[in-house]
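Fold and contact review
Given next are the chains, with one letter for each unit.
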Amino acid sequence: MPVASLLPSDDTLIASSYPTAAFGSYPFLYVGDYVVPGDIYRTLLKFDLSVIPQGSDILEAILKLYIFRKDVPGPEVIAINLNQSDFNQNTATYSNAPAVTPTGITKTVNDADVNNFISIDITPLAQQWYANAAANNGITMIGPENTYSIIGSYSTNFSNSNLYPFLQVTYQESSSCNSDMINEVTQSGAYMINESNTLLLGQRILGTFSVENTGFTNGLAVLQILNGSSIWVDEKSAEVSPGQTKVLSTTASRLDERISIVGIVDPIISGAVDHTLNANDNLLNPNQVPLTFSSDNPDFPVDPNTGAISINNSGSAAITVATKNIEGPVVSFTVIAIGSNSVYNQTQGTFYTTIQQAVNASNPGDMIQAGPGSYPENVTIDRRITLNGAGSGVGGTIIHPASGVGISISNGGVSSTNRLVISDLQVTGASQGILTIGNNQPSFITFSNVSLLNNLDNGFSINISPSFPVMNDLIITGSNFSNNVTAGFRVPTYAQVSNVTIQSSMFNGNAFGMLVFSGTAIFNNIQISKSTFNNNTSKGMYYEALNHAIISNNTIDSSGTAGSFAAGIDINLKHGNYQNVNLINNIVTNSGNGDPVNGAAAVIKGRNDGTNNGTLTGVTVSGGTYSNAPVGIRFGETGQNNNYPTNAVVTGATIENNGIGLQNVTTVTITQNNNTFINNGIDTVGNFN
């Protein structure tokens, strides 16, 4: 019977703790309850069945999910629900998600399913969708939501396409079908691959494929056969241009056959002189077809085996990509060299002498590449672009203004997939490294490998405005906001900031690693992970506003070495009602020692005293180490008799070498269990159960 393997047209997750966040570009899909009760994750999927020939009968439809995470041992049940209205993966959130109708279809996920595909039979649903495409609103998968029990699979944004979710549909074509030879339909990137039923031709078996390129760049379709040694061998190939369909057939003796795609991602890429690129990074090659590479410019030599491209001079080169084991057609792309103190608009193909000139001449969506060197300028970005440098370290792209702000941002991206991106550059010696400006704060911003170092005030700061500026969706990854006079990252009074993701970054050597003030400020839906907040003199992290936050797997060492109420982490919430703050597996050491009386490795407070008017409900401190401080973890402000936080728990933490291990100076009781206390002066002080 013909079989079609269909990728989702839409796949995303929604999260109750991030009710307005869209995760359409996220690489993972989750179901279940995370960390605390009510922190719910669900997965939404939709499949387009229009590739199934008209008039066919759907015999079986199996949903395949690759499970990479299962937090709770033992069987866990996932329920399949029909969506009552449509959704789009780029806009679906917990707040606007469609209502659902239970189908009665469930799947029990066991421990042995981790690192394997599971199969869920949704044949009745696929039959409904095929019969009435207008009623196909997809499904919502719901896991256990009454306990901490996250189950994770990969989305189509994951780096390995072999682990994508897919729907395997077996169908029977009617005698009136025009495409009665189609056996299987698969998708690889922008390429649709149709495989025919095999035919016996004398003593030979004929296998035929058609390959359609629905993208905008050239690619190769490589016909591979599986030989007796279970090794895929290239037999022939064809170039498939945008809009073209090519047919490849084989009658070779074989165990199986397949089409593997080698596609160009971007027709033109750029890089700095004296830097190296890799051709493979600009290719779609999910089946790892062996390739060979060549260059038409000796100043741009390319390793024929690895694809490493050395940019030794200005100019450009065509990099040719060919199959290594067979002769056949080739595809190519262009590399443009960016010299020192030269700026190139890769989208328009134009050069400039300053970054600001390039920004001023750009259109929204353009990609700008700045070469290595020092740029003594103040840059203002007022449109959605991608600004790439040649590196954020020595020999990279360094913005060093004589005075004032290094980069001012007045306009950001327009959606989670159409972002303002700044990467691979450094700003140093400015009053503010990067500052968002204007009453309406820019949103949908990504900083990747950005260094904001030795600036006279803050590394990154949001503009102070009495008009309550709103920022949504900020991603910081692999960056370094260190050795600034005041803070690495600063949110002022009145700013309203939501959906911030920070990972694998450094906030070291400032007065404050992170500084969040509150008047009517909002700092909501925050994820900070795998980052360092070391050697900040006052505090590693300081929050007066923090809501729905997961702070996990960070290191805070030797922060809070001076000043009153010094701390590694100080959650000091004011002027609002906050909830769901989670500290997971953080290492906080040698911090808070600047104040031997009130200092602490970590302090968590809902400041309902005086005019502060702050409340906090739902705190989890799980795992991690809190050591070598006057107090390991303190709840409440000393001398204030706060009534918050409520519903707080410390579990599984190592608390060692502190004057006091756990201290509760609030009027409420804090839960603590399964913690390890080592060599503290006193393990617990205050009300704990």
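Computed from a prediction, not measured in an experiment: that's the story for all the values here.

Turning next to the pattern of salt bridges. Considering all chains together, one arrives at 13 salt bridges under this definition. Between Lys 605 and Asp 570 there is a salt bridge; the shortest N-O distance is 3.0 Å. Here Asp 570 lies in strand β48 (residues 567-573) and Lys 605 lies in strand β51 (residues 600-606), a separation of 35 residues in the sequence. Among the residues examined, Asp 570 registers a relative accessible area of 2% and is labelled buried. Residue Glu 637 pairs with Arg 607 through a salt bridge whose shortest N-O separation is 3.7 Å. One end of the pair, Glu 637, is in the loop between β54 (631-635) and β55 (646-651); the other, Arg 607, is in the loop between β51 and β52 (614-622), and 30 residues separate them in sequence. Residues joined in a network through salt bridges with shared partners are Lys 539, Asp 570, Lys 605, Arg 607, Asp 609 and Glu 637.

For an α-helix the count is 3.6 residues per turn, leaving residues at separations of three or four pointing the same way. Within the sequence span of helix α1 (residues 123-131), burial applies to Thr 123, Leu 125, Ala 126 and Trp 129. For α1, the angular spread of buried residues about the axis comes to 160 degrees, placing them on one side. The inward-facing, buried residues of α1 contact β5 (57-70), β6 (76-83), β7 (100-109), β8 (116-121) and β9 (139-142).

Another aspect to go through is the confidence of the model for the protein. As a note on interpretation, predicted positions should not be read in detail where pLDDT is low. Mean pLDDT over the protein stands at 91; residues scoring 70 or higher make up 95%. Note on residues 175-182: pLDDT under 50 across the span, and 20 contacts to partners over four residues away in sequence or across chains.

Further remarks concern the sheet that holds strand β41 (residues 487-491). Overall, parallel pairing links the 12 strands, which are arranged β31-β34-β36-β38-β41-β43-β45-β48-β51-β54-β57-β60 in an open sheet. Every other strand in the sheet has two partners, leaving β31 (379-381) and β60 (682-685) as the edge strands with one partner each. Pairs of neighbouring strands in the sheet enclose a mean axial angle of 5 degrees, with direction left out of account. Pairing of strand β43 (residues 512-516) with strand β45 (residues 539-543) involves four bridges; the strand directions are parallel. What sits directly across from Val 516, in β45, is Tyr 543.

This part takes up the sheet that holds strand β47 (residues 555-557). A sheet is described by the order of its strands in space; here five strands give the open sequence β47-β50-β53-β56-β59, paired in parallel fashion. Of all the strands in the sheet, the pair left with one neighbour each is β47 and β59 (676-678). Pairs of neighbouring strands in the sheet enclose a mean axial angle of 5 degrees, with direction left out of account. Relative to strand β50 (residues 587-589), β47 is paired through three bridges, and the arrangement is parallel. The partner of Ile 556 across the bridge, within β50, is Val 588.

What counts as what
Residues numbered from 1 in each chain as written. Predicted model: local features only at pLDDT ≥ 70, side-chain atom pairs only at ≥ 80, totals over all residues. Heavy atoms only, no water. Salt bridge = Lys/Arg side-chain N within 4 Å of Asp/Glu carboxyl O. Helix = DSSP H or I, 4+ residues; strand = E, 2+ residues; numbered from the N terminus. Buried < 20%, exposed > 50% of the residue type's maximum accessible area, 1.4 Å probe, protein only. Arc of directions from axis to C-beta. Contact = heavy atoms within 4.5 Å. pLDDT = per-residue confidence, 0-100. Pairing = 2+ DSSP bridges. Axes fitted to C-alpha atoms, helices over the stretch in contact; angles between N-to-C directions.

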